[in-house]
Amino acid sequence: MNKLNIINILIIISLIVIVGGAKQNPTSDSCVFKTFDHTIDLSPLKGQSFYIRRYSPESGRFFSYTFNLCSKNDFCQNNVSFVEGTQSCQTESIAHFEIGNVNNGSYLFNPDPSSTIQITYNNSQEQISTGCDSAIYRNSTYIFKCSPNVYFSVYNFYEAPKCSYNFFIETQYACPIPNPTETPTLPPTETPTQTPTETPPQTPKPSKISCRVTNSSIVVKSAQTISCNGSGPTTCTTDRGSTCSTNDYNGNIKCSTQSQSISCIGDNIVCQTSDVECSLNTNSHSGLMVNNLVIGSDFYDSEINQTILKERDTSFGNTIKVSFCFSAIFIILSLLL
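Keep in mind that this is a model prediction, so the values were computed, not measured.

Some words on the overall build of the protein chain
So, step 1. For the protein chain, the helix and strand inventory stands at three helices and 25 strands.
So, step 2. Expressed as a percentage of the 337 residues in the protein chain, the buried residues total 38%.
So, step 3. Partitioning the contacts of the protein chain with sequence separation of at least 6, the portion at a separation of at least 24 is 50%.
So, step 4. For the protein chain, the exposed surface amounts to about 21,300 Å²; the carbon and sulfur share of it is 55%.

As structure tokens, this is what we get:
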């Protein structure tokens, strides 16, 4: 393989790593990792100190590993490395090493089909990494698997290559959370100003009135003021007990009331409100007359019966017409004679 092909392969590998989602320094302040369609939220695990102890067949010794996620580990920083930001450390009876620092972290989404996220921390490179091949600095990698019913468990661990420590963790916090879909905000629709509709003036409805005649009596009920005129002996009584009367055969009487009802006894009585006139005249007709018209009934109710318009008094005009006709006849006869 020539030198050019090797360079091309290295370029392609670099692009794959970039596109795959490796991010630098994501864990110094938070443990929340977002893609375009989902989020991994490990923040409930942040600040907790975790510990495992494993036997190394190669050296025949037990090694202890202490680490935090997305934050420094106080034990490792104060007792092992004495370097700010130490996130993890390896300890055994004769040697102690920093294996990760929060300031040298990176992460990768979906490193393999069974894992959702991988976080890697390199050490601070201020501590000599003795015992590592090719002067590799010690580092720790945490590969997370989604397990909805598990709080936190390190189900596997191995060191490969040398001085690279791999922790396989299952936890419910490694399960992807779908990102909410943002609904675009639409500009407000302008509502056209409505021209107010003018309400046509309403024709006032006549007030309710009822009239009833019985033999020589008339009873009128209305909320309006009722005025009754009687010719000859007449007696009128309101529903409140007030009475006005005359016993003179040539007399006239006018009774008015603002109560709800008035009852009058007599032969010639006219009772009216501002809308309707009811009258009784036993000498000229039987039954009830409403607005100068005999209705052929003893009872009238303005809400049941059609309103009868008051007739205009034309007696004076008729008198003039008759007089004019007689005058014309007299003149014609005078000329002929």
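Some remarks on helix α2 (residues 74-81)
So, step 1. Residues Cys76, Gln77, Val80 and Ser81 constitute the buried set of α2. Seen along its axis, α2 keeps its buried residues to an arc of 115°; they face one direction.
So, step 2. Structurally, the start of α2 carries an N-cap: the backbone nitrogen of phenylalanine 75 is 3.1 Å from a side-chain oxygen of asparagine 73.
So, step 3. One or two positions beyond α2, positive phi appears at phenylalanine 82, with a value near 55°.

Overview of the environment of serine 216
So, step 1. Within the element layout of this structure, serine 216 appears in the loop between β14 (209-214) and β15 (217-222).
So, step 2. In this structure, the C-alpha to C-alpha distance between serine 216 and isoleucine 265, residues 49 residues apart in sequence, is 5.7 Å.
So, step 3. With residues up to four places along the chain from it excluded, the contact list for serine 216 reads Cys264, Ile265, Gly266, Asp267, Leu280 and Thr282.

Things to note about the sheet that holds strand β7 (residues 96-101)
So, step 1. On the basis of which strands lie adjacent, the open sheet formed by four strands has the order β4-β5-β6-β7 and antiparallel pairing. Of all the strands in the sheet, just β4 (50-56) and β7 have a single pairing partner and so form its edges. Taken pair by pair, the neighbouring strands of this sheet meet at an average axis angle of 20°, ignoring direction.
So, step 2. Both β4 and strand β5 (residues 61-67) contribute to a ladder of seven bridges, which runs antiparallel. Paired with arginine 54 across the two strands is phenylalanine 63, which belongs to β5.
So, step 3. Each of β5, β6 (86-91) and β7 touches α2; the most contacted strand, β6, lies at about 60° to it.

Examining the sheet that holds strand β24 (residues 293-294)
So, step 1. Strand order across the open sheet formed by six strands is β19-β16-β21-β22-β23-β24, with antiparallel pairing between neighbours. Each edge of the open sheet is held by one strand with a lone partner, namely β19 (252-257) and β24.
So, step 2. The pairing of strand β16 (residues 226-231) with β19 spans six bridges and is classified as antiparallel. Considered in β19, the bridge of serine 227 is made with serine 256.

Overview of the side chain of threonine 86
So, step 1. Along the chain, the position of threonine 86 falls in strand β6.
So, step 2. Assessed through its relative accessible area of 0%, threonine 86 is described here as buried.
So, step 3. Polar side-chain contacts of threonine 86 include one of 2.4 Å to the side chain of serine 81.
So, step 4. A polar contact of 2.8 Å, which involves the side chain of threonine 86, links it to the side chain of glutamate 98.
So, step 5. Threonine 86 has contacts with Lys72, Asn73, Cys76, Gln77, Ser81, Glu98, Gly100 and Asn101, leaving out every residue within four places of it along the chain.

What counts as what
Residues numbered from 1 in each chain as written. Predicted model: local features only at pLDDT ≥ 70, side-chain atom pairs only at ≥ 80, totals over all residues. Heavy atoms only, no water. Helix = DSSP H or I, 4+ residues; strand = E, 2+ residues; numbered from the N terminus. Buried < 20%, exposed > 50% of the residue type's maximum accessible area, 1.4 Å probe, protein only. Contact = heavy atoms within 4.5 Å. Areas by Shrake-Rupley, 256 points an atom, 1.4 Å probe, with all protein chains shown as cover. Arc of directions from axis to C-beta. Polar contact = N/O pair within 3.5 Å; in protein donor to acceptor, adjacent residues only side chain to side chain. Pairing = 2+ DSSP bridges. Axes fitted to C-alpha atoms, helices over the stretch in contact; angles between N-to-C directions.

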